[in-house]
Amino acid sequence: MNLILFGPPGAGKGTQAQYLIDRLKVPQISTGDILRENVKKGTETGRRAKQVMDRGELVPDEILNQMIENRIAEADCAGGYILDGYPRNLNQAGFLASLLKKRKKALDAVISLKVDDEELVSRLSGRRLCRTCGKSYHVKFQPPSSAGKCDSCGGELYTRDDDREETVKNRLKVYHSQTSAVLEFYRKSGVLHEIDGSQEIDSVREKIFQVLGTGKAEK
C-alpha cells in the first residue's frame, strides 16, 4: 500500500504513522531522514545536498526527487511505503505521479489530519521539557505535580524555542502555504482523505484504518 501522510505540527502525525507502520508492515519515508542518511553515507546526491545545505540554502526539488526515487526502489518498499514530508510542492507531486506511472504503481490514499490552528497552538505551546532528564509534560493535558518542576528528578521545566507561541504560529503558516496547493492536487485526483485530528488518538486511528480498508484497529 502506497500512502502519503500529511499533518501540521502537533496534529499527531508521528503517532498515527507508527500505527500504520505496525499494521501495514511498510516503511515510513521521511525526507529529513533520507537527507541525513544520504549525507552520512556520502552518496552522490548526499554530497550535492550537503553542499547546498552548507550554504544555508534549501535542497532543490531535483535532489529530493532523486533521493525519493532511489529510496522507493529499495527492497523494503516492495510492499508499499508511507511518504512523510513529501511532496511539498506541485513540482514534487508531479514528479511522484510520473514516477509511479513509470513503475506501474499508484497511490492508494493521501491522508491529511486536520486540526484547528488554535488547538495546535495550545497543544504545542503548552509542552514543557525537563532540562535534566528530558521528560515531557503539558501544562493542560499532562501537568507536573509542582509547576515548573519535573516529577521524576525535580529538574527545571522549560519551553523549547520551537514550541513558543509565535514560533508555532509561524510554523503553521509555513505548513499551510506549502501544502495547500498539493492537497488540492490530490483532492482533484480523488485520493485525498481528510480526517479530524482533534479527536481522541484511538478514534483518529480507527478512521484512518476505515479509509484504508484494513479492518478494525487492535487495542
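Here, every reference points to the structure presented above.
Residues numbered from 1 in each chain as written. Predicted model: local features only at pLDDT ≥ 70, side-chain atom pairs only at ≥ 80, totals over all residues. Heavy atoms only, no water.

### Re the overall build of the protein
Okay, step 1: Secondary structure summary: the protein contains eight helices and eight strands in total.
Okay, step 2: Against the 2.2 N^0.38 benchmark of 17 Å for 219 residues, the protein shows a C-alpha radius of gyration of 19 Å, consistent with a compact globule.
Okay, step 3: Here the C-alpha coordinates of the protein stretch approximately 60 × 45 × 30 Å along the principal axes.
Okay, step 4: Within the span of the protein, comprising 219 residues, buried residues form 41% of the whole.
Okay, step 5: Intrachain contacts of the protein at a sequence separation of at least 6 include 66% that bridge at least 24 residues.
Okay, step 6: Element-wise, carbon and sulfur atoms account for 47% of the exposed surface of the protein, whose accessible area totals about 12,300 Å².
Okay, step 7: Computed over 36 positive and 31 negative side-chain charges, the separation of the two mean positions in the protein equals 2 Å. (Helix = DSSP H or I, 4+ residues; strand = E, 2+ residues; numbered from the N terminus. Rg over C-alpha atoms; globule rule 2.2 N^0.38 Å. Buried < 20%, exposed > 50% of the residue type's maximum accessible area, 1.4 Å probe, protein only. Contact = heavy atoms within 4.5 Å. Areas by Shrake-Rupley, 256 points an atom, 1.4 Å probe, with all protein chains shown as cover. Lys, Arg positive; Asp, Glu negative; His and termini not counted. Charge placed at Lys NZ, Arg CZ, Asp CG, Glu CD.)

### Regarding the packing of aromatic side chains
Okay, step 1: Inspection of the entire model under this criterion finds one aromatic pair.
Okay, step 2: Aromatic pair Phe185 and Tyr186: ring centres 5.0 Å apart, planes at 80°, arrangement edge-to-face.
Okay, step 3: Using a relative accessible area of 4% as the deciding quantity, one classes Tyr186 as buried.
Okay, step 4: The positively charged end of Arg23 is found above the aromatic ring belonging to Phe209, 4.5 Å away from the centroid.
Okay, step 5: Its end group placed over the ring of Tyr19, Arg205 keeps NZ or CZ at 4.6 Å from the ring centre. (Phe/Tyr/Trp six-rings, centres within 6.5 Å; stacked < 30°, edge-to-face > 60°. Lys NZ or Arg CZ within 6 Å of the ring centre and 35° of its normal.)

### Some words on the packing of helix 2 (residues 31–41) against helix 4 (residues 61–72)
Okay, step 1: Interaxial distance between helix 2 and helix 4 falls to 10 Å at its minimum, and their mutual angle equals 90°. Put simply, helix 2 runs roughly perpendicular to helix 4. Contacts between helix 2 and helix 4 involve Thr31, Ile34, Leu35 and Asn38 from the former and Leu64, Met67, Ile68 and Arg71 from the latter. (Axes fitted to C-alpha atoms, helices over the stretch in contact; angles between N-to-C directions. Parallel < 35°, antiparallel > 145°, perpendicular 65-115°, else oblique.)

### Let's talk about the pairing of strand 3 (residues 81–84)
Okay, step 1: In strand 3, alternate side chains face the same way, and those of Tyr81 and Leu83 on one face and Ile82 and Asp84 on the other are all buried.
Okay, step 2: Sheet topology note: the strand 1 (residues 2–6)/strand 3 ladder contains four bridges and is parallel. Pairing of Ile4 across the sheet is with Leu83, part of strand 3.
Okay, step 3: Where strand 2 (residues 28–30) lies against strand 3, three bridges are found, and the strand directions are parallel. Bridging from a neighbouring strand, Gln28 pairs with Ile82 of strand 3. (Pairing = 2+ DSSP bridges.)

### Some words on the nonpolar core
Okay, step 1: Among the nonpolar cores identified, the biggest contains 29 residues, and Ile4, Phe6, Ile29, Leu83, Val110 and Tyr186 are the most heavily contacted of them.
Okay, step 2: At the level of elements, strand 1, helix 2, helix 3 (44–54), helix 4, strand 3, helix 5 (90–102) and helix 7 (165–189) are the ones that each hand at least two residues to this core.
Okay, step 3: No other element matches helix 4, which puts five residues into this core.
Okay, step 4: Non-local contacts of Tyr186, meaning those with residues more than four positions away in its chain, are made with Ile4, Phe6, Pro87, Ala93, Leu96, Leu107, Val110, Val191 and Leu192.
Okay, step 5: Residues Leu20, Ile82, Ile111 and Phe209 belong to the second largest nonpolar core, which totals 22 residues. (Core = buried A, V, L, I, M, F, W, Y, C linked by side-chain atoms within 4.5 Å.)

### A word on the sheet that holds strand 4 (residues 109–114)
Okay, step 1: Pairing within the open sheet is parallel, and its five strands lie in the order 2-3-1-4-8. At either margin of the open sheet sits one strand with a lone partner, and together these are strand 2 and strand 8 (192–196). Each adjacent strand pair in this sheet contributes to an overall mean axis angle of 25°, direction not counted.
Okay, step 2: In the packing of helix 7 onto the sheet, the strands contacted are strand 1, strand 4 and strand 8, and the crossing angle to strand 1 comes to about 145°.

### Considering the sheet that holds strand 5 (residues 127–130)
Backbone-to-backbone hydrogen bonds join strands into a sheet, with any given pair of strands oriented parallel or antiparallel.
Okay, step 1: Across the sheet, three strands lie side by side as 6-5-7; this open sheet has antiparallel pairing. The open sheet has two edge strands with one neighbour each: strand 6 (136–138) and strand 7 (157–158).
Okay, step 2: The pairing of strand 5 with strand 6 spans three bridges and is classified as antiparallel. Looking at the pairing, Arg127 lines up with His138 of strand 6.
Okay, step 3: Across the sheet, helix 6 (residues 117–125) is in contact with strand 5 and strand 6; its angle to strand 5 comes to roughly 15°.

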